Amino acid sequence: MKGVVYRDTHPVPWHHLMRLQAQVRDYVAVLGLTVVIDEAEGYAFLRSQPSDDEADGQPAIPRLIPRRALSFHVSLLLALLRKKLAEFDASNADTRLVLTRQQIVDLCAVFLPASTSEARLIDQIDTHIGKVVELGFLRRIDDAEATYEVRRIIKAFVDAQWLADFDARLAEYAAELGAAR
């Protein structure tokens, strides 16, 4: 399992994982990993187990899954997408949140510093969108119309507690940007 296994895009591995769940959990536990499976949302991935060995005087197990530091703008985009997904789930019966490139640009533009060139701003946001696609939180649906599906795995990484505090942090940041202008 390198990356995320989705029920809709990886049906055969998903079926095997569901059937052999206990064996897979035991196997990866030896490596210091945990299988996270969300059957309702249809995704599974591996996560490093918390290291309690150092407290016991045992050497820590080396990390098999590297941590990735995200830039502020990518983190901001992930939080905005997670917030949008929460709003979508609360008000819609559909299971897929699909956004156009322009909708994502509009979400981000409020929180980015004012630029003399709108084209430069859009290029920066396109770069951030590309990184989020690469990380697997967005999936490009249509190249011609530049539409993206927000993948539900984002809920596992941007948790509800952090999202609850997010509005206040964004308001503070927007106020700082407004004062700087």
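Predicted model, so just to flag it, every value in this text is computed and none were measured.

1. Some words on the nonpolar core
The nonpolar side chains of a soluble globular protein tend to be buried, and buried together.
At step 1: In this structure, L81, I104, V132, L138, V150 and I154 are the most contacted members of the largest nonpolar core, which totals 32 residues.
At step 2: If you list the elements that add at least two residues to this core, you get β3 (43-48), α3 (72-91), β4 (97-100), α4 (101-109), α5 (118-135) and β6 (147-150).
At step 3: When residues in this core are grouped by element, the largest group, 8 residues, is from α3.
At step 4: Excluding residues within four positions of it along the chain, I104 makes contact with L77, L99, I129, L138 and Y148.
At step 5: Core analysis: the second largest hydrophobic core is formed by 9 residues, V5, L17, I37 and L46 among them.

2. A word on the sheet that holds β4
At step 1: The 3 strands lie next to each other as β4-β6-β5, forming an open sheet whose pairing is antiparallel. Here the strands that pair on one side only, and so sit at the sheet edges, are β4 and β5 (138-142). Within this sheet the neighbouring strands show an average axis-to-axis angle of 35°, counted without direction.
At step 2: With 4 bridges connecting them, β4 and β6 associate as antiparallel partners. From the neighbouring strand, L97 faces β6, where its bridge partner is V150.
At step 3: Taken strand by strand, α3 contacts β4, β5 and β6, and its axis lies near 130° from that of β4.

3. Some words on the environment of A175
At step 1: Considering the arrangement of structural elements, one finds A175 in helix α7 (residues 160-180).
At step 2: Look at A175 and you get partly exposed, because its relative accessible area is 48%.
At step 3: Residues A175 and F111, 64 residues apart in the sequence, show an inter-C-alpha distance of 9.9 Å.

4. Description of the sheet that holds strand β1 (residues 5-6)
At step 1: What the 3 strands build is an open sheet, ordered β1-β3-β2; its pairing is antiparallel. Every other strand in the sheet has two partners, leaving β1 and β2 (33-38) as the edge strands with one partner each.
At step 2: Taken together, the 6 bridges between β2 and β3 define a ladder with antiparallel strand orientation. Opposite I37, over in β3, you have A44 as the bridge partner.
At step 3: Where helix α2 (residues 21-29) meets the sheet, its contacts fall on β2 and β3, and the angle it forms with β2 comes to roughly 150°.

Each value, and the rule that gives it
Residues numbered from 1 in each chain as written. Predicted model: local features only at pLDDT ≥ 70, side-chain atom pairs only at ≥ 80, totals over all residues. Heavy atoms only, no water. Core = buried A, V, L, I, M, F, W, Y, C linked by side-chain atoms within 4.5 Å. Buried < 20%, exposed > 50% of the residue type's maximum accessible area, 1.4 Å probe, protein only. Helix = DSSP H or I, 4+ residues; strand = E, 2+ residues; numbered from the N terminus. Contact = heavy atoms within 4.5 Å. Pairing = 2+ DSSP bridges. Axes fitted to C-alpha atoms, helices over the stretch in contact; angles between N-to-C directions.

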